[in-house]
Amino acid sequence: MNAPHPRRAAVTGIGVVAPNGNSTQAFWKATSEGVVVLDRITREGCEHLPLRVAGQIRDFDPPAAIEERYLVQTDRFTHFAMAAADQALEDAGLSRSDTDAAPFSVGVVTAAGSGGGEFGQRELQQLWGKGSRFVGPYQSIAWFYAASTGQISIRRGLKGPCGVVASDEAGGLDALAHAARAVRRGTDVMVAGATEAPLAPYSMVCQLGYEELSTVAEPDRAYRPFTTAACGFVPAEGGAMVVVEAETSARERGVPVRATLAGHAATFTGASRWEQSREGLAQAIRGALDEAGCAPEEIDVVFADALGVPEADRAEALAIADALGPHGARVPVTAPKTAVGRACGAAPLLDVAAAVLAMEHGVIPPTPNVFDICHDLDLVTARARATEMRTALVLSRGLMGSNAALVLRRGAADAS
């Protein structure tokens, strides 16, 4: 296996805006307790759509978190990103004066799969309902996948390497890999993550073409992966941002290393080819383990992709067994996203946040609403499980065919 890179990428700050909490603390409390927030969709203009259940953020107040001059030129998904980035930077002990002192040493990378559908829909309605003179100038940028990266960079004065991963769900893990590699190449700090807002009417109609989408109307039955009742997934909004920096510089600054991004790999097996995703996901897991210098038996917990489609669930369970060997049947597996839904490219970022917090607290969060497991997995259900963890594996697959795996190491455990 490869030796760990001498300039390891460390997570020093986490920020979350999610259906079950608009701060890291609130998110973790709800996640660890298995609080389910899936509910009937209440967004205006969505009443007639066959998609009935989602994970909505109901108490986020954009004007309280974002300055007016940025609000008017950005979509809801970017509002989430800017708020989560603020939380993450504060958590990492990086003030505006700190980043102003060396702006070219701090970069931004985000992932986006849905873009700014709410903003775009509103402006297009203005165009066709009133005319072109009623379309705002920010229509050209607010919907764009790179909007969150650009606005975080502009608002915080961050002038280091910036980028966006425009991809499916697995792109969230790929964004963290880009951040880790930037740090290994010499960038001091990267603000990285993903947030999504795919619950506007236009965005929801776009999703109706996915056969994997659940249209079950009962919130407690709509998303039940790894069971005989699996009927697809439900969407969600929100996401997480993290601060990634060199482990050595974090220790020099005197801030805790919450985790290290030890290994990542990605593969592609094609849209909705769930049987083939077994091989692709297993290969991604092996690649992540290899980059991390990690043996399969070192994995203490797996945060599963958990699509909720029988063929996809079976492929994921088999991929875990293929890549981890006999340990795959013994390692605890969890999918806390069944409480909040799958937030497109931000779904694995919420899993990463939960994995870091799980290792810190020694508690594996449960997989709510899941009871009758029909796969050979040690799935944590009903209630959280207390156990010591040093290494976590986070998995993600996208509807368009991407597969990704990320190995996280607990920060305190590697301090020596």
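A short tour of the structure in this document, coming up. Counting starts from 1 at the beginning of each chain's written sequence and moves along it residue by residue. Note on the predicted model: pLDDT of at least 70 is required for a residue's local features to be given, and 80 or more for side-chain atom pairs to be given and counted; whole-chain, interface and lining totals, by contrast, use all residues. Hydrogens and water molecules were not included; the side-chain quantities draw on all heavy atoms of the structure.

### A look at the environment of Glu90
Within the element layout of this structure, Glu90 appears in helix H4 (residues 76–91). In sequence terms Glu90 and Thr12 are 78 residues apart; their C-alpha atoms lie 9.9 Å from each other. Numbering goes from the N terminus for both helices and strands, where a helix is a DSSP run of H or I of at least four residues and a strand is a run of E of at least two.

### Overview of the nonpolar core
Throughout, nonpolar core names a set of buried Ala, Val, Leu, Ile, Met, Phe, Trp, Tyr and Cys residues whose side chains join them through atoms within 4.5 Å. Any residue under 20% of the maximum accessible area for its type is buried, any over 50% is exposed, and the rest in between are partly exposed; the area is computed with a 1.4 Å probe on protein chains only. The biggest cluster of nonpolar side chains holds 50 residues, and the ones touching the most others in it are Val16, Phe27, Leu176, Leu261, Val352 and Leu408. Looking at which element gives the most residues to this core, the answer is helix H14 (residues 347–361), with 10 residues. Whether two residues are in contact is decided by their heavy atoms: any pair within 4.5 Å suffices. Leaving out residues up to four positions away in the same chain, Leu408 has contacts with Thr260, Leu261, Val352, Ala355, Val356, Met359, Arg390, Thr391, Ala392 and Val394. Grouped together as the second largest cluster of nonpolar side chains are 49 residues, Val234, Ala262, Ala323 and Val407 included.

### Description of a nonpolar patch on the surface
Taken together, the side chains of Trp143, Phe144, Tyr145 and Val164 make up a nonpolar region of the molecular surface, amounting to roughly 340 Å² of accessible area. Examined against the element boundaries, Val164 turns out to sit in strand E5 (residues 162–166). When its relative accessible area of 32% is taken as the criterion, Val164 is described as partly exposed. Without a salt bridge and with relative accessible area above 30%, a residue can belong to a patch; like charges are then joined within 9 Å and nonpolar side chains (Val, Leu, Ile, Met, Phe, Trp, Tyr) within 5 Å. Note that accessible areas follow from Shrake-Rupley with a 1.4 Å probe, and for residues the cover is restricted to the protein chains shown. What makes a salt bridge here is a side-chain nitrogen of Lys or Arg within 4 Å of a carboxyl oxygen of Asp or Glu, nothing more.

### Here we look at helix H8 (residues 147–156)
Summarising burial for H8: 8 of the 10 residues are buried, a large majority. What H8 keeps buried is the set Ala147, Ser148, Thr149, Gln151, Ile152, Ser153, Arg155 and Arg156. Downstream of H8 by a residue or two, Gly157 has a phi angle that is positive, lying close to 70 degrees.

### Considering the pattern of salt bridges
As enumerated under the stated definition, the model contains 24 salt bridges in all. Notably, a salt bridge pairs Arg7 with Asp188, separated by 3.9 Å at the nearest N-O pair. Of the two residues, Arg7 is situated in the segment before strand E1 (9–17) and Asp188 in the loop between helix H9 (171–184) and strand E6 (189–196); the sequence distance between them amounts to 181 residues. Residue classification places Arg7 among the partly exposed residues on the basis of a relative accessible area of 24%. What makes Asp188 partly exposed here is its relative accessible area of 36%. Shared partners join several salt bridges into a network, and the residues in it are Glu67, Asp86, Arg155 and Arg156.

### What to know about the sheet that holds E5
Following DSSP output, two strands are said to pair if at least two bridges run between them. Taken in spatial order, the 11 strands line up as E5-E4-E6-E7-E1-E8-E15-E14-E9-E10-E12 in an open sheet, and their pairing is mixed. The sheet is open, and its two edges are formed by E5 and strand E12 (378–379), each paired on a single side. Bridge analysis of strand E4 (residues 106–112) against E5 gives 5 bridges, and the strand direction is parallel. Looking at the pairing, Thr110 lines up with Val164 of E5. Here H4 sits on the sheet and contacts E1, E4, E6 and strand E7 (238–246); the angle it forms with E1, its principal contact strand, is near 130 degrees. Angular values range over 0 to 180 degrees, each being the angle between N-to-C directions of two axes fitted as lines to C-alpha atoms, with helices fitted over their stretch in contact.

### Let's talk about the side chain of Asn403
Here Asn403 shows up in strand E15 (residues 402–410). In this structure Asn403 comes out as buried when scored by relative accessible area, which is 2%. Counted as a polar contact is a pair of N or O atoms within 3.5 Å, where, for protein atoms, one must be capable of donating a hydrogen and the other of accepting one, and residues adjacent in sequence contribute only when both atoms are in side chains. Separated by 3.2 Å, the side chains of Asn403 and Thr269 make a polar contact. Contacts of Asn403, omitting those with residues within four sequence positions, involve Ala170, Ala265, Ala266, Thr267, Phe268, Thr269, Ser277, Gly280, Leu281, Ala284, Ser396 and Arg397.

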